[in-house]
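Descriptive analysis of the structure
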Amino acid sequence: MTDLFRRLPASCWSAREGELALEGVKVSEIANAVGTPFYLYSAARLRENWRTLADALSPLGVAIHYAMKACANKAVVSILAAEGAGADIVSGGELTRALGGGIPASKVVFSGVGKTDAEIAQALRAGIHQINAESYEELWRIDRIAGELGVVAKVALRVNPDVDADTHAKITTGKKDNKFGVDAHRLGRLDNELKAMANLRLVGLAVHIGSQILTTKPFEEAYGRMRRLVLAMRERGHAIERLDLGGGFGIPYRNEQAPSAAEIAEVIRATVGDLGCALAVEPGRSIVADAGVLVTRVEFVKEGTERAFAVVDAGMNDLMRPAMYDSHHDIVPVRLPDADADFTTYDVVGPICESSDTFAKRRSLPRLAAGDLVVMATAGAYGATMAGTYNARALVPEVLVEAGRFAVVRRRVSVEEQLGWEASPDWLGSAAG
Ligand SMILES: *Cc1c(COP(=O)(O)O)cnc(C)c1O
């Protein structure tokens, strides 16, 4: 039974009056105030994760740019900003969110394969630290826009090192058949083309091979390859001053063993520590994933002929990872089961009209009843940021807990409010009023 709680970090979760509490606040108390479903984040755990990584990396002088797409809530970003975080952004919208959360432009790096003219101009006007370009075509675009704005763009080129991250196919980014980065053997073109780009300064190289990587080996391979590329580029006369090593540090969702911050630091030291480059990493998941859960209520327990279904009020629109990546989230009842509790096997499903709206198959759980609250653990990363409104649902709210108090940090956006975003053109007549 202790396995039930293995993914709720003991530093912030506890039992109170027979129920789960986060930083001293009972989950049921928040659920009664806010309604379900909702995301719930721990400020203490966020800081703890940040500091564990920062403490391991700071002796090597490695800057940390938090990958905003993992969880971009303003309150979460502002907690990390206060810790000194930089940001890795993949859109102009994320730049707005990074700045809005208090991360200075001078600590922002812009990644992504499809940056528009407007997004590049927004980033250059804001004066961000660096743009990570993903193609020659993009280098030319950045050069042109920087020229129009009369600035010199500081650019790192993202290299595709053709390394297998040994993770889920949908989150592998560093193989040569992925859309990301420039093939390592095509860097020779830079020698001539850069000379013609008057408004762009190549300051470094960048790499990001994928997400949820559970061994150090892919990092060793990728960083080792980057080391050789930096040396080769320098030999050809390029001043490579910066090296961005990407994110992708894996975390346990069930009982996986993930590399520790110290192990990652050691790989960095051993592979690229002596290059004299300003080093940076871009982790998202490993900072926020286990600082957040999704709280949901059981609507029905439905006895099928083959199996029992626990139908909860959260759907794949609220937490997309299981439908998209077959990912696992531990499910934990909020009311703590007795020592002799009866366990049953459930398929835990949402209300959405899609068979992929399934959070768990054949999961052994203490017997559930309609009205019970459960939490889906390790949902802080790629949870709320991927949420949508499919099936005309409200947008799921987010709640932050800190030392005995809680606050709604994104309110539930009702369907009435969403209707206000839409318009019916006059020519359709006024049947809708
Ligand atoms: C998504 C992404 C990250 C963060 O990945 P995590 O697995 O969340 O650490 C970092 N860099 C880039 C370029 C990304 O696209």
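Here, the structure is the one placed above.
Okay, so let's go over this structure. (Residues numbered from 1 in each chain as written. Predicted model: local features only at pLDDT ≥ 70, side-chain atom pairs only at ≥ 80, totals over all residues. Heavy atoms only, no water.)

Quick look at the nonpolar core
Membership of the largest hydrophobic core comes to 137 residues, with the highest contact counts inside it found for L40, L205, Y223, L243, I268 and V348. Both of domain 1 (3-42 + 293-419) and domain 2 (43-288) provide at least three residues apiece to this core. Residue contacts for Y223: discarding those within four places in its chain leaves V207, L245, F249, V267, I268, T271 and V272. (Core = buried A, V, L, I, M, F, W, Y, C linked by side-chain atoms within 4.5 Å. Buried < 20%, exposed > 50% of the residue type's maximum accessible area, 1.4 Å probe, protein only. Domains from an automatic or database assignment. Contact = heavy atoms within 4.5 Å.)

What to know about the side chain of K115
Structurally, K115 is set in the loop between β7 (108-110) and α5 (117-126). Only 2.6 Å separates the side chain of K115 from the side chain of E138, close enough to count as a polar contact. Beyond its immediate stretch of four places on either side in the chain, K115 contacts F110, I120, I131, N132, A133, E134, E138 and R141. (Helix = DSSP H or I, 4+ residues; strand = E, 2+ residues; numbered from the N terminus. Polar contact = N/O pair within 3.5 Å; in protein donor to acceptor, adjacent residues only side chain to side chain.)

Things to note about the site of the ligand
Residues in close proximity to the ligand total 14 residues, the closest being K69, S211, E282, R285 and Y382. Contacts to the ligand include K69, whose side-chain N or O atom sits 2.8 Å from an oxygen atom. About the coverage of the ligand: the protein hides 94% of its 390 Å² of free accessible area. Of the residues in the shell around the ligand, the class split is three nonpolar, six polar and five charged. (Near = heavy atom within 4 Å. Areas by Shrake-Rupley, 256 points an atom, 1.4 Å probe, with all protein chains shown as cover. Nonpolar A, V, L, I, M, F, W, Y, C, P; charged D, E, K, R; others polar.)

A word on the side chain of R242
Inspection of the secondary structure puts R242 in strand β12 (residues 242-244). One buried charged residue, R242, forms no salt bridge at all, with the nearest opposite charge on E241 at 5.1 Å. Beyond its immediate chain neighbours, meaning those up to four positions away, R242 contacts H129, Q130, K154, V203, G204, L205, C277 and A278. (Lys, Arg positive; Asp, Glu negative; His and termini not counted. Salt bridge = Lys/Arg side-chain N within 4 Å of Asp/Glu carboxyl O.)

Structural notes on the packing of helix α4 (residues 92-100) against α5
Following both chains from N to C, one finds α4 and α5 inclined at 30°, their axes separated by 9 Å at the closest point. In this view, α4 runs roughly parallel relative to α5, as classed from their interaxial angle. For the pair α4 and α5, contact is made by G92, L95, T96 and L99 and by E119, Q122, A123 and A126, respectively. (Axes fitted to C-alpha atoms, helices over the stretch in contact; angles between N-to-C directions. Parallel < 35°, antiparallel > 145°, perpendicular 65-115°, else oblique.)

Topic: α5
Among the residues of α5, those classed as buried are E119, I120, A121, A123 and L124. Buried residues along α5 sit against α4, β7, β8 (130-133), α6 (136-149) and β9 (153-160). Positive backbone phi, at 75°, marks G127, one or two positions downstream of α5.

Notes on the pairing of strand β13 (residues 278-281)
Strand direction decides the pairing type here: strand β5 (residues 63-67) and β13, joined by two bridges, are parallel. Each bridged residue has a counterpart across the sheet, and for I64 the counterpart in β13 is V281. In this structure, β12 lies alongside β13, joined through three bridges in parallel fashion. When the sheet's bridge partners are listed, D244 is paired in β13 with A280. Handedness of the crossover joining β12 and β13 through helix α9 (residues 261-272) is recorded here as right-handed. (Pairing = 2+ DSSP bridges. Right-handed = clockwise from strand over helix to strand, strands pointing away.)

Description of unusual backbone geometry
Here T36 and P37 are connected by a cis peptide whose omega angle stands at -10°. Summarising the element assignment, P37 is placed in the loop between α1 (27-34) and β4 (38-42). Even without being glycine, E17 reaches a positive phi, approximately 50°. Within the secondary structure, E17 is located in the loop between β1 (13-16) and β2 (19-22). Exposure remark for E17: the relative accessible area of 57% places this residue in the exposed category.

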